[in-house]
Amino acid sequence: MSQRMLSSILRARPNVVLRRAATPALIIPHRFSSSDSHSQETFEQFSERYVAFFQGAQDLFEVQRGLNNCFAHDLVPSPGVVEAALRAARRVNDYATAVRVFEGIREKVENKQQYQAYLDELKPVREELGINTKEDLYFS
């Protein structure tokens with residue numbers, strides 16, 4: 001009986017044969033993504049693209065999606081992009097998103113002086129649109 005079991009086990013086990021798969025000599029992996037076309041984009045092109053995007057945004061979802069994409073890059077958006085985003089947020093009547101734009105800027109900049117420079121440059125727009133920062137709204 002042990003002879004019979006042994007032969008069954010040997011027949012049931014898969015043949016372990018290392019075969020070389022038929023592959024081309026050179027395989028170059030390529031990852032397709034929507035951001036591939038923007039990989040060599042300059043800062044000015046980036047800014048122009050997002051200003052145009054925010055100027056054309058028609059609803060809150062588009063504005064928030066654009067902000068999410070814009071802030072996902074490893075750079076701080078230019079004041080022109082921030083202004084376009086603020087105007088888009090107010091156009092779709094979402095004050096909270098406009099305030100959160102400044103929170104995003106505060107997180108992206110390297111120090112308080114850079115954040116203050118953004119606030120100073122965007123002060124006329126903030127006053128025109130009636131947007132306060134989180135610091136103005138809540139004293140900690």
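Scroll up a little and you will see the structure.
Only a predicted model underlies this, so the values are computations on that prediction, with no experimental measurement involved.

Caption draft 1: Helix α4 (residues 79-91), seen in detail. Between its first and last C-alpha, α4 extends 18 Å over 13 residues, near the 18 Å set by a 1.5 Å rise per residue. The complete set of buried residues in α4 reads V81, V82, A84, A85, L86, A88 and A89. Looking at the buried positions of α4, the neighbouring elements they touch are α2 (43-56), α3 (60-72), α5 (95-108), α6 (112-121) and α7 (123-129). Where α4 ends, the next residue or the one after it, N93, has phi of about 65 degrees, a positive value.

Caption draft 2: Inspection of the pattern of salt bridges at higher detail. Taken as a whole and judged by the stated rule, the model has five salt bridges. The shortest N-O distance in the salt bridge between R49 and E41 comes to 2.8 Å. In this structure R49 comes out as partly exposed when scored by relative accessible area, which is 26%. A salt bridge links R106 to E135, with the nearest nitrogen and oxygen atoms 2.5 Å apart. With R106 in helix α5 and E135 in helix α8 (residues 134-137), the pair connects residues that are 29 residues apart, well separated along the chain. Relative accessible area serves as the criterion here: at 28%, R106 is assigned to the partly exposed category. By relative accessible area, E135 is classed as partly exposed at 31%. Each of E83, R87 and E128 takes part in salt bridges that share partners, so that together they form one network.

Caption draft 3: Inspection of the packing of α2 against α4 at higher detail. For the pair α2 and α4, the least separation of the axes is 8 Å and the interaxial angle reads 10 degrees. By the angle class used here, α2 and α4 are roughly parallel. Note on element contacts: α4 touches α2 through G80, V81, A84, A85, A88 and R91, opposite S47, Y50, V51, F54, Q55 and G56. Class assignment of the residues belonging to the contact of α2 with α4 gives a composition of seven nonpolar, four polar and one charged.

Caption draft 4: Broad picture of the packing of aromatic side chains. Taken as a whole and assessed by the stated rule, the structure comprises five aromatic pairs. For the ring pair F43 and F46, a centre distance of 6.4 Å and an interplane angle of 20 degrees mean the geometry is stacked. With F43 and F46 both in helix α2 and three residues apart, this pair spans about one turn of that helix. Between F53 and F54, the aromatic rings sit 5.5 Å apart at their centres with planes inclined by 80 degrees, giving edge-to-face as the arrangement. The exposure class of F53 is partly exposed, given its relative accessible area of 24%. On the basis of relative accessible area, F54 is assigned to the buried category, the value being 0%. Ring pairing ties together the aromatic residues F43, F46, Y50, F53 and F54, which thus form one cluster. Lying across the ring of F102, R126 places its NZ or CZ 5.7 Å from the centre.

Calculation rules
- Residues numbered from 1 in each chain as written.
- Predicted model: local features only at pLDDT ≥ 70, side-chain atom pairs only at ≥ 80, totals over all residues.
- Heavy atoms only, no water.
- Helix = DSSP H or I, 4+ residues; strand = E, 2+ residues; numbered from the N terminus.
- Expected span 1.5 Å × (residues − 1).
- Buried < 20%, exposed > 50% of the residue type's maximum accessible area, 1.4 Å probe, protein only.
- Contact = heavy atoms within 4.5 Å.
- Salt bridge = Lys/Arg side-chain N within 4 Å of Asp/Glu carboxyl O.
- Axes fitted to C-alpha atoms, helices over the stretch in contact; angles between N-to-C directions.
- Parallel < 35°, antiparallel > 145°, perpendicular 65-115°, else oblique.
- Nonpolar A, V, L, I, M, F, W, Y, C, P; charged D, E, K, R; others polar.
- Phe/Tyr/Trp six-rings, centres within 6.5 Å; stacked < 30°, edge-to-face > 60°.
- Lys NZ or Arg CZ within 6 Å of the ring centre and 35° of its normal.

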